[in-house]
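For reference, the chains in residue letters:
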Amino acid sequence: MVNIGIIGVGLVGSELISQLATYASSVPRISVIALTNSSKQLLSTPNYSPLELSTWKQTLQTQGNTANLSVFIDYVSNSPTPAIIIDNTSSQEIASQYPLFLEKGLHVVTPNKKAFSSEATLYKEIIEEAKKNKKLVFNESTVGAGLPIISTLKDLVRTGDKINRIEGIFSGTLSYIFNEFSKSGDDNGQKFSEIVTVAKNNGYTEPDPRDDLNGLDVARKVVILGRIAGMNLSLDTLPVENIVPEPLPKNNNQVLRYVGVIDPVCGESGVKLVSLPLSHPFATLKGSDNMIAFTTQRFPNPLIIQGAGAGAAVTAFGIFSDILKIADRF
Ligand code: NHO
């Protein structure tokens, strides 16, 4: 049995609980014993019994106590069985406490990109604490939602392949915006702001959609992958081209794509807006899809992963599968 404490029950957190509730009978070894948002928390005190997931929203509202992170973490870390903290916030404050969570014996699963793309010192500390305490940290959903991007890259690196280049469309929101924009044209179609609103309503955007539009979200993903590939990338120095929310250039037989590049060979990593011919694989993407191409010594013709890269259902799927990877060990 693995016990779970969930921090953050917004768009992605709620969807995760719904997936856990629906498939609980097929994964009987997982129990949610605590959950919290920024104002209230619910603990299954005193005996670590599973919380009733079908009614968690009302119960949190009516019976929840004032949120208190240290009480929450103490409760989960004193669990009699192995326990996982799921961070479904976008909080830097929570991310900076992962070393503490690991020290307290907790495993960590998260779609929050902050810990893996901010200060290199925090990133190193997380890796060291996980190793020292023999605990696991999984963050598949931080890049490409539930697509197996991080696990594939880690497998390539750990088995000794040489990464020559990783190139991809890493933003579901921007894919969606460019696809809608290409469809409608800039004269008669929807306004840029209307397309962004639909992207937000579909759950593709970050809690603050400006992080998608200013390129920060893609930059974070490039840093996350670059660090796994052994590079010393930092948000402060990564070249990132901004996107202007004004009439975007539209050329015949070309589409706009926002491309992230990780290049350990030339050292030319960055994020740029490019106009591509319709024949380019990145030009064929539909909806909010991502496409990531790994060119390595073993894969001179790139290994390509493609699929929905944003939205609550696919992000929660990535978190759920990370939870199972930990639960399977106990
Ligand atoms: P919400 O809906 O704002 O919910 C946040 C929850 O955290 C709330 O319950 C809030 O009360 C709680 N919270 C915040 N601070 C707290 C604190 N200090 N203590 C306790 N609770 C706290 O956020 P979302 O939309 O559910 O997002 C959650 C996380 O998922 C974020 O880190 C986000 O970056 C990540 N995520 C989302 C997506 C997505 O599709 N929406 C993706 C990946 C990760 O693959 C996706 C992606 O990259 C999307 C990207 N925008 C793109 O490609 O376009």
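Right above here is the structure, for reference.
Residues numbered from 1 in each chain as written. Predicted model: local features only at pLDDT ≥ 70, side-chain atom pairs only at ≥ 80, totals over all residues. Heavy atoms only, no water.

Draft legend 1. Here's a closer look at the site of the ligand. For the ligand, the set of nearby residues contains 33 residues, the closest of which are Thr-89, Thr-173, Glu-206, Asp-212 and Lys-221. Between Leu-11 and the ligand, the recorded distance is 3.0 Å, taken from a backbone N or O atom to an oxygen atom. Here an oxygen atom of the ligand and a backbone polar atom of Val-12 are 2.8 Å apart. Compared with its free state, where it exposes 1000 Å², the ligand has 85% of that area covered by protein. (Near = heavy atom within 4 Å. Polar contact = N/O pair within 3.5 Å; in protein donor to acceptor, adjacent residues only side chain to side chain. Areas by Shrake-Rupley, 256 points an atom, 1.4 Å probe, with all protein chains shown as cover.)

Draft legend 2. Focus on helix α7 (residues 120-132). Taking 1.5 Å per residue, 13 residues should reach 18 Å; α7 reaches 18 Å between its end C-alpha atoms and fits that length. Looking at α7, one finds that the buried residues are Leu-122, Tyr-123, Ile-126, Glu-129 and Ala-130. Buried residues of α7, seen end-on, are gathered within an arc of 135° and therefore sit on one face of the element. Seen from the open side of α7, the exposed residues pointing more than 90 degrees away from its buried face are Thr-121, Glu-128, Lys-131 and Lys-132. On its buried side, α7 packs onto α4 (92-95), α5 (98-103), α6 (114-117), β7 (137-138) and α12 (216-228). Just downstream of α7, Lys-134 is the residue with a positive phi angle, here 55°. (Helix = DSSP H or I, 4+ residues; strand = E, 2+ residues; numbered from the N terminus. Expected span 1.5 Å × (residues − 1). Buried < 20%, exposed > 50% of the residue type's maximum accessible area, 1.4 Å probe, protein only. Arc of directions from axis to C-beta. Contact = heavy atoms within 4.5 Å.)

Draft legend 3. Quick peek at the pairing of strand β12 (residues 303-308). Pairing analysis gives six bridges linking strand β11 (residues 289-296) to β12, with the strands arranged antiparallel. Bridge pairing in β12 places Ile-292 opposite Ile-305. Once β11 ends, the chain turns through six residues before running back antiparallel as β12. (Pairing = 2+ DSSP bridges.)

Draft legend 4. Main features of the side chain of Ser-288. Within the element layout of this structure, Ser-288 appears in the loop between β10 (270-277) and β11. Apart from the residues within four sequence positions on either side, Ser-288 is in contact with Gly-172, Ser-175, Tyr-176, Tyr-204, Ala-308, Gly-309 and Ala-310.

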